[in-house]
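# An overview of the molecular structure
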Amino acid sequence: MTRPVGFDLDLTLIDSRPAILAAWTEVARETGVVIDLAAVDRRMGSKLEDEAAFWFPADQVAPAAAVYRRHYVRLAPGMTDALPGARESLAAVRAAGAAPVVITAKHPVSVGPSMLAAGLTVGEIFTLVHGPEKAAVLTKIQAVAYVGDTPADMMAARSAGTHAVGVPTGSFARTELLTAGAHTVLDSLREFPAWYAAFRSGPG
């Protein structure tokens, strides 16, 4: 069995931006707190509670996160799509005899509706991990590569000794992913199957 390949979820495999921003809009409406959606968009990829801490005092972060998740779970089924190349990328890993694994900062309650809406399935999903926590998962599963859209994803892969593959389909540009340590930056997951075939056949 070839070593597994890890994938981030939000803005790597799925376009969850509409649902995320819509859920934050509902949080602002329900709580009366002004939330700058452009600022939220610039930081997409971190844990929900970390983002909530920008807008709410410490004792209100958990309740605000609960409000967000309630709305997100409701909104995600109608507002989430697989990003171009996502299904083909997962299929390419499986065809090589390896396991595609999702490693995400998302809460388990939010992952299910998102994956279902996008029509994606993987054998194993690790949730509520970000930054160094992703590195620990990558090390544990001995992933050969990790595909993500944020600088934190690239640093996690590097820290784990895993090939860092960036896709600028989220809130961060190609140059930011390279600066963070990406070994490879693809324009989108459309390029992943061909890249993966070449990667498997020789040095990365």
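In what follows, the accompanying structure is described. (Residues numbered from 1 in each chain as written. Predicted model: local features only at pLDDT ≥ 70, side-chain atom pairs only at ≥ 80, totals over all residues. Heavy atoms only, no water.)

## Concerning the packing of helix α4 (residues 58–79) against helix α6 (residues 108–118)
Between α4 and α6, the least distance of the axes is 8 Å, while the angle of their chain directions is 10 degrees. Judged by the angle between their axes, α4 and α6 are roughly parallel. In contact with Arg69, Tyr72, Val73, Ala76 and Pro77 of α4, α6 contributes Val109, Ser110, Pro113, Ser114 and Ala117. Across the contact of α4 with α6, the residue classes break down as seven nonpolar, two polar and one charged. (Axes fitted to C-alpha atoms, helices over the stretch in contact; angles between N-to-C directions. Helix = DSSP H or I, 4+ residues; strand = E, 2+ residues; numbered from the N terminus. Parallel < 35°, antiparallel > 145°, perpendicular 65-115°, else oblique. Contact = heavy atoms within 4.5 Å. Nonpolar A, V, L, I, M, F, W, Y, C, P; charged D, E, K, R; others polar.)

## A few points about helix α8 (residues 151–159)
Of all the residues in α8, the buried ones are Pro151, Ala152, Asp153, Met154, Ala156 and Ala157. Of the residues flanking the end of α8, it is Gly161, one or two places downstream, whose phi is positive at about 70 degrees. (Buried < 20%, exposed > 50% of the residue type's maximum accessible area, 1.4 Å probe, protein only.)

## A word on the packing of helix α5 (residues 86–95) against helix α10 (residues 192–201)
Viewed as axis vectors pointing N to C, α5 and α10 meet at an angle of 25 degrees, and their least axial separation amounts to 8 Å. Comparing the axis directions of α5 and α10 gives the class roughly parallel. Where α5 crosses over α10, the two elements pack in a sense that is right-handed. Residues Glu88, Ser89, Ala92 and Val93 of α5 form the contact with α10, whose participating residues are Phe192, Pro193 and Tyr196. Grouping the constituent residues of the contact of α5 with α10 by class yields five nonpolar, one polar and one charged. (Left-handed = near helix turned anticlockwise from the far one by under 90°.)

## Some thoughts on the sheet that holds strand β8 (residues 184–185)
The six strands lie next to each other as β5-β4-β1-β6-β7-β8, forming an open sheet whose pairing is parallel. On the outer flanks of this sheet lie β5 (124–126) and β8, each paired with one strand and no other. In terms of strand pairing, strand β4 (residues 100–103) meets β5 through three bridges, oriented parallel. Residue pairing across strands places Ile103 opposite Phe126, the latter belonging to β5. (Pairing = 2+ DSSP bridges.)

## A word on the side chain of Arg69
Structurally, Arg69 can be placed in helix α4. A polar contact is formed between the side chain of Arg69 and the side chain of Glu49, at a distance of 3.0 Å. Discounting residues that sit within four places of it in the chain, Arg69 has contacts with Leu48, Glu49, His107, Val109, Ser110 and Leu128. (Polar contact = N/O pair within 3.5 Å; in protein donor to acceptor, adjacent residues only side chain to side chain.)

## Quick word on the packing of aromatic side chains
Scanning the entire structure with this criterion turns up six aromatic pairs. With centroids separated by 5.1 Å and ring planes inclined at 45 degrees, the aromatic side chains of Trp24 and Tyr68 adopt a geometry described as tilted. In this pair, Trp24 sits in helix α1 (residues 17–31) while Tyr68 sits in helix α4, placing the two residues 44 residues apart along the sequence. On the basis of relative accessible area, Trp24 is assigned to the buried category, the value being 2%. Considering the side-chain rings of Phe192 and Tyr196, the 5.4 Å spacing of their centres and the 15 degrees angle between planes classify their relative orientation as stacked. In this pair, Phe192 and Tyr196 both sit in helix α10, four residues apart, roughly one turn of the helix. These aromatic residues form a ring-pair network of at least three members: Phe7, Phe192, Trp195, Tyr196 and Phe199. A cation over a ring is seen here: Arg43 above Phe54, with NZ or CZ 3.6 Å from the ring centre. Against the face of Tyr196 rests Arg200, its NZ or CZ located 5.8 Å from the ring centre. (Phe/Tyr/Trp six-rings, centres within 6.5 Å; stacked < 30°, edge-to-face > 60°. Lys NZ or Arg CZ within 6 Å of the ring centre and 35° of its normal.)

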